[in-house]
Amino acid sequence: MNEQAQQYVEDFMARLIARNPGEPEFHQAVREVAESLAPHIVTSPILQKMKVLERIAEPERVIIFRVPWLNDKGEIEINRGYRIQMNSAIGPYKGGIRFHPSVNLSILKFLAFEQTFKNSLTTLPMGGGKGGSDFNPKGKSDNEVMKFCQSFMTELQRHIGQDTDVPAGDIGVGGREIGFMFGQYKRLRDEFTGTLTGKGRDWGGSPLRPEATGYGTCYFAQEMLATRNDSFKGKTVCISGSGNVAIYATEKAVQLGGRVVALSDSNGYIYDKDGVKLDVVKAIKLQRRARISEYVKEVPGAEYHEGCAGIWGIPCDIALPCATQNEIDGESAAKLAANGCRVVCEGANMPSTPEAIAVYEANGMLYGPAKAANAGGVATSGLEMSQNSLRLSWSFEEVDARLKDIMTNIFHNAYDASKACGAEGNLMVGANVAGFIKVAEAMLAQGVAY
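Our subject in this report is the structure included herewith. All residue numbers refer to positions counted from 1 along the written sequence of the respective chain. Two thresholds apply to this predicted model, a pLDDT of at least 70 for residue-level local features and 80 or more for giving and counting side-chain atom pairs, whereas whole-chain, interface and lining totals are computed over all residues. Side-chain calculation: all heavy atoms of the structure are included, whereas hydrogens and water are not.

**Let's talk about the overall build of the protein chain**
- The secondary structure content of the protein chain amounts to 17 helices and 12 strands.
- Relative to a compact globule of 450 residues, whose C-alpha radius of gyration would be 22 Å, the protein chain shows 21 Å and is just as compact.
- Taking the principal axes of its C-alpha atoms as reference, the protein chain extends roughly 60 × 55 × 45 Å.
- Working definition: with a 1.4 Å probe on protein chains only, accessible area under 20% of the residue-type maximum means buried, over 50% means exposed, and in between means partly exposed. A total of 450 residues make up the protein chain; the buried ones form 57% of that total.
- Every residue pair with non-hydrogen atoms within 4.5 Å of one another is taken to be in contact. Expressed as a percentage of contacts within the protein chain between residues at least 6 apart in sequence, the contacts between residues at least 24 apart total 71%.
- Note that accessible areas follow from Shrake-Rupley with a 1.4 Å probe, and for residues the cover is restricted to the protein chains shown. Put simply, the protein chain shows about 17,700 Å² of open surface, and 50% of that area lies on carbon and sulfur atoms.
- For the protein chain, the centre of its 48 positive side-chain charges and the centre of its 52 negative side-chain charges are spaced 3 Å apart. Under the scheme used here, helices are H or I runs from DSSP no shorter than 4 residues and strands are E runs no shorter than 2 residues, and both carry numbers assigned from the N terminus. Atoms counted for the radius of gyration: C-alpha only. Globule rule: 2.2 Å times residue count to the power 0.38. In this charge count, Lys and Arg are treated as positive and Asp and Glu as negative; neither His nor the chain ends contribute. Where a charge lies is defined by one atom per residue type: Lys uses NZ, Arg uses CZ, Asp uses CG and Glu uses CD.

Rendered as structure tokens:
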């Protein structure tokens, strides 16, 4: 980056941090994009004059609300709900809802900012948004989760709609939670529309939505490997997380010829040198909603270790971080590199710190950034929106084929953009530039209101 571009980044970030103090995750996400785009922006008087990046980094709307609900003891509990409507230049706001104790304004703004570029990369007409609550569904009964979801949606329904904002699931929000929220939305609005995605397959959902993010991450990784005439075949794979993304990344990695040896949850990780038994994991996590440590009780020879970070010390060829933001720091990345890992492809949102990314680059590792690599989930949500609008459904095989095509196109668009920028093979730069161009052109065409 030349001196002019670097100065642009520093000035831009100083203003953003002053306007958004105490939001480190948001600052991190914006800086990564700003550093990729600065060389492009400083040579474009129109982008500077119209302050396009400055507008993208400022949410169009931030909604914060109280969520009171009754637990099974009849006691009142109070959580905080959020919806960040970041950018609608290319379509209605689109992005997940996250229920987790860590949820705050900084995390949701970083996710909504990333979502804007991710949705642009899919080529589908979707803007960027994100939402959620500091509610923790773990340990709650189905009745308590239902009561919370109904209270949450009672307020959120005022701000969403199939042509305005279409939420989906995220951490802590799966089919159960989407069902409860959709039921409340339908009751209050007296309409059956595609306002939420991730719905049940028998009432408007896509047949591939639970699998989409994990499958898409592997399709993207496969395209990266192909640039080196390689594939998943015979490769050892470590995957963090054990929710939908990790489970179905495991399923697809095995289908493509890999051997997944590790999975994790927020308490610790399992290691199975013979390859993780996915049917056991699905029973534990999807049916019983139990901890991953239960795995070692059912599979002789498997190991369980407390703490999550240790998973990246396991020797592997391919690492798929599918848990949460900033889970791989510089130290963990160095362990991956030292143990022979050649590919890191992100199924979670921003799971690698800037220090980790620097390690990947220094060691010549293939790196698939989240906004490109995990776009399969929102791409399939976009297909679900299309199905709902047309009042029809597609088969699992049809959606899978469309997903694979979308992920392949995302890879090549990012790769081509990196080449055009003089950073061939740097998919982080390529994804940021390719995602930005479409949004920027729409904003310029629509005037300063957007």
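**Quick look at the pairing of strand β2 (residues 76-87)**
- Pairing analysis gives 10 bridges linking strand β1 (residues 61-70) to β2, with the strands arranged antiparallel. Following the sheet pairing, Val67 is matched in β2 by Asn79.
- In sequence, β1 turns back onto β2 through a hairpin of five residues, with Gly74 there showing a positive phi of about 85°.
- Note: β2 against strand β4 (residues 127-133), six bridges, orientation antiparallel. A pair of strands is labelled paired if DSSP reports no fewer than 2 bridges between them.

**Some thoughts on the side chain of Thr353**
- Topologically, Thr353 is positioned in the loop between β11 (343-345) and α13 (354-362).
- Setting aside anything within four residues of it in sequence, one finds Thr353 in contact with Gln28, Asn326, Ile328, Asp329 and Gly330.

**Thoughts on the packing of aromatic side chains**
- Think of it this way: a Phe, Tyr or Trp ring, Trp meaning its six-membered ring, pairs with another when their centres are within 6.5 Å, and the plane angle makes it stacked under 30 degrees, edge-to-face over 60, tilted otherwise. Summed over all chains, the structure comprises 18 aromatic pairs.
- An angle of 45° between the planes, with centres 5.4 Å apart, marks the rings of Phe65 and Phe152 as tilted. Placement of Phe65 in strand β1 and of Phe152 in helix α6 (residues 142-156) is noted, with a sequence separation of 87 residues between them. The exposure classification of Phe65 matches that of Phe152, with both residues buried.
- Between the aromatic rings of Phe182 and Phe192, the centroid separation amounts to 5.0 Å while the plane-to-plane angle is 70°, which identifies the pairing as edge-to-face.

**So, the sheet that holds strand β9 (residues 303-306)**
- Reading across from one edge, β9-β8-β7-β6-β10-β11-β12 is the order of the seven strands in this open sheet, with mixed pairing throughout. Every other strand in the sheet has two partners, leaving β9 and β12 (366-368) as the edge strands with one partner each. Averaged over neighbouring strand pairs, the angle between their axes works out to 15° when direction is ignored.
- Bridge analysis of strand β7 (residues 259-264) against strand β8 (residues 268-271) gives three bridges, and the strand direction is antiparallel. From the neighbouring strand, Ala262 faces β8, where its bridge partner is Tyr271. Fitted lines through C-alpha atoms give the axes, limited to the stretch in contact for helices. The angle between two N-to-C directions lies from 0 to 180 degrees.

**Remarks on the sheet that holds β2**
- Across the sheet, five strands lie side by side as β1-β2-β4-β3-β5; this open sheet has mixed pairing. Two strands in the sheet have a free side with no partner beyond their single neighbour: β1 and β5 (165-169). The average undirected angle you get between the axes of adjacent strands in this sheet is 20°.
- Those strands touched by helix α5 (residues 105-121) are β1, β2, β3 (93-99) and β4, and its axis lies near 150° from that of β4.
- Strand contacts of α6: β1, β2, β3 and β4, with the helix running at about 145° to β1, the strand carrying the most contacts.

**Comments concerning the nonpolar core**
- In this structure, Phe220, Phe232, Ile239, Tyr295 and Leu320 are the most contacted members of the largest nonpolar core, which totals 53 residues.
- If you tally residues by element for this core, the top one is helix α8 (residues 209-226), at eight residues.
- Those residues within four positions of Ile239 in sequence are excluded, and the remaining contacts are Ala246, Ala249, Thr250, Val260, Ala262, Leu263, Ser264, Ile311, Leu320 and Cys322. Only buried Ala, Val, Leu, Ile, Met, Phe, Trp, Tyr and Cys residues count toward a nonpolar core, and they belong to the same one when joined by side-chain atoms within 4.5 Å.

**Description of a nonpolar patch on the surface**
- Each patch is built from residues lacking any salt bridge and having more than 30% relative accessible area; the joining distance is 9 Å for like charges and 5 Å for nonpolar side chains (Val, Leu, Ile, Met, Phe, Trp, Tyr). One side-chain nitrogen of Lys or Arg within 4 Å of one carboxyl oxygen of Asp or Glu is enough to make a salt bridge. There is a patch of nonpolar side chains on the surface, built from Leu70, Ile76 and Ile78 and spanning about 320 Å² of accessible area.
- When you line up the elements, Leu70 lands in strand β1.

**Details of the packing of α8 against helix α15 (residues 376-390)**
- Two elements in contact, α8 and α15, have axes whose closest approach is 7 Å; the angle formed by their N-to-C orientations is 145°. Judged by the twist between their axes, the crossing of α8 over α15 is right-handed. Facing Arg209, Ala212 and Thr213 of α8, the residues of α15 in contact are Gly376, Gly377, Thr380, Ser381 and Glu384.
- Amino acids are sorted into nonpolar (Ala, Val, Leu, Ile, Met, Phe, Trp, Tyr, Cys and Pro), charged (Asp, Glu, Lys and Arg) and polar (every other residue, Gly among them). Tallied by class, residues from the contact of α8 with α15 come to one nonpolar, five polar and two charged. Throughout, a crossing is termed right-handed when the near helix is turned clockwise from the far one, and left-handed when it is turned anticlockwise from it by less than a right angle.

**Digging into α13**
- Along α13, the residues that are buried comprise Ala356, Ile357, Val359 and Tyr360. Each buried residue of α13 sits inside an arc of 155° when the element is viewed along its axis, so together they form one side. Those residues of α13 that are exposed and aimed more than 90 degrees away from the buried face are Glu355 and Ala362.
- Buried residues along α13 sit in contact with α12 (330-338), β11, β12 and α17 (427-446).
- One or two steps after α13, the chain reaches Gly364, where phi turns positive at roughly 65°. Directions from the helix axis toward the C-beta atoms define the arc.

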